[in-house]
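Descriptive structure summary
So the chains spell out like this:
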Amino acid sequence: MFSARGLSMRFGNFTAVEDVDLEVREGDVHALVGPNGAGKSTLLNLLGGQLLQTSGEVNFLGRSLGASTPHTRARLGIGRSFQLTSVIPGFTCLENVVLAVEARHGMLRMLRARSRRDDVSRARDLLELVGLHHQARQPADALGHGGQKQLEVAMALGGRPRVLLLDEPTSGLTEHERLSLGDLLRRVGQRATVVMAEHDVEFVRRIASRVTALSLGHKIAEGTAEQVFRNPEVRQVFLRGEDGA
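Residues numbered from 1 in each chain as written. Predicted model: local features only at pLDDT ≥ 70, side-chain atom pairs only at ≥ 80, totals over all residues. Heavy atoms only, no water.

Let's talk about the sheet that holds strand β3 (residues 29-33)
Heads up, the rule is: Strand pairing is assigned whenever DSSP detects at least two bridges linking the two strands. Segments assigned H or I by DSSP are reported as helices when at least four residues long, segments assigned E as strands when at least two residues long, and all are numbered from the N terminus. With axes taken as lines fitted to C-alpha atoms, and helix axes fitted only over the stretch in contact, angles between N-to-C directions fall between 0 and 180 degrees.
If you walk across this open sheet you meet the six strands as β6-β7-β8-β3-β9-β10, and the pairing is mixed. The open sheet is flanked by β6 (78-81) and β10 (218-223), the only strands paired with a single partner. Going across the sheet, the axis of each strand differs from the next one's by a mean of 15°, ignoring polarity. Here strand β7 (residues 163-167) pairs with strand β8 (residues 193-197) via five bridges, running parallel. Residue Leu164 lies in a different strand from β8, and its bridge partner there is Val194.

Remarks on the sheet that holds strand β5 (residues 63-64)
Going by this rule: In what follows, residue pairs with any heavy atoms lying within 4.5 Å of each other are defined as contacts.
On the basis of which strands lie adjacent, the open sheet formed by four strands has the order β2-β1-β4-β5 and antiparallel pairing. Every other strand in the sheet has two partners, leaving β2 (14-24) and β5 as the edge strands with one partner each. For strand β4 (residues 55-60) and β5, the ladder comprises two bridges, and the chain directions are antiparallel. By the bridge assignment, Asn59 is partnered in β5 with Ser64. Its contacts with the sheet place helix α1 (residues 40-48) against β1 (2-11), β2 and β4, and it is angled at close to 60° to β2.

So, the confidence of the model for the protein chain
Condition: Per-residue confidence from the predictor is given as pLDDT, running between 0 and 100.
Chain-level pLDDT for the protein chain is 89 on average; 91% of the residues reach the 70-or-more range. Confidence, expressed as mean pLDDT per element, reaches its minimum in the protein chain at helix α4 (residues 107-111) with 51 and its maximum at β3 with 97. In this model residues 241-245 is a low-confidence stretch, pLDDT under 50, and it forms nine contacts with partners more than four residues away in sequence or in other chains.

As for the nonpolar core
What counts is decided by this rule: In this description, a nonpolar core means a group of buried Ala, Val, Leu, Ile, Met, Phe, Trp, Tyr and Cys residues linked to one another through side-chain atoms lying within 4.5 Å. Exposed residues in this analysis have more than 50% of their type's maximum accessible area, buried residues have under 20%, and partly exposed residues fall in between, with area computed by a 1.4 Å probe over protein chains only.
Grouped together as the largest cluster of nonpolar side chains are 48 residues, with contacts concentrated most on Val97, Leu151, Met196, Val211 and Phe229. With sequence-adjacent residues up to four places away left out, Leu151 is seen in contact with Val87, Cys93, Asn96, Val97, Leu127, Leu132, Ala140 and Leu143. Leu22, Val24, Phe60 and Ala197 belong to the second largest nonpolar core, which has 23 residues in total.

Some remarks on the packing of helix α5 (residues 117-129) against helix α6 (residues 145-157)
As a reminder, the rule being used: Should an angle lie under 35 degrees it is considered roughly parallel, over 145 roughly antiparallel, and from 65 to 115 roughly perpendicular; all remaining angles are considered oblique. Handedness of each helix crossing follows the sense of rotation of the near helix against the far helix: counterclockwise by less than a right angle gives left-handed, clockwise gives right-handed. Just so you know the grouping, Ala, Val, Leu, Ile, Met, Phe, Trp, Tyr, Cys and Pro go in nonpolar, Asp, Glu, Lys and Arg go in charged, and all remaining residues, Gly too, go in polar.
With their axes 9 Å apart at the nearest point, α5 and α6 run at an angle of 140° to one another. With respect to α6, the element α5 is oriented oblique. Here α5 runs over α6; the crossing is right-handed. Contacts between α5 and α6 involve Arg122, Leu126, Leu127 and Leu129 from the first element and Leu151, Ala154 and Leu157 from the second. Looking at side-chain class alone, the contact of α5 with α6 contains six nonpolar, no polar and one charged residues.

What follows is the structure in structure tokens.
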């Protein structure tokens, strides 16, 4: 579904990602793991189009994405959620998701007179999927951090993405919220392929079907979570070789 070949990203003399090959299979929950500075978020931004690679190529559904913008990639079916929540304060949870659903139609279609019934119905379905249907009329900024993460996932799904890119989805969450998010992403995985940059090893172990480990911008291992976290180089780099890691 998603692939990268020889992907590199340089900022002046600093190389954030170097010569990375990646393949994301349809239906996977694919985690990018590694310590701070490993290149996880940079790689995610290269896939989403927030950054344009210095060299290499990104392909989606067999098509080169070239220098396409995040907006273009979103229209192709690549959804994106960021480490910091981006819900719209002052709007209800339902209104936030309805806006995300309507954005999929494009500006010209949004300006045409038409019923919003289908969009509102779709938004309600997404709120139910993420477990926020009882908070539909609640202001989005009144939700806790975990609730806002759930809402942001619903908003990202509003564009009906084939692939959903998530940056550090567990950041700032309590253990209970992480468990809830894990359950949510399993449900999301039935609708869209998920690619996430994530630092929480136990969270990745629980939900990822495939894992790519990075260190200093290089890919050092790939496979199932069990295969990757037992890899000696991975353990040395960011698991520190602890027993049971």
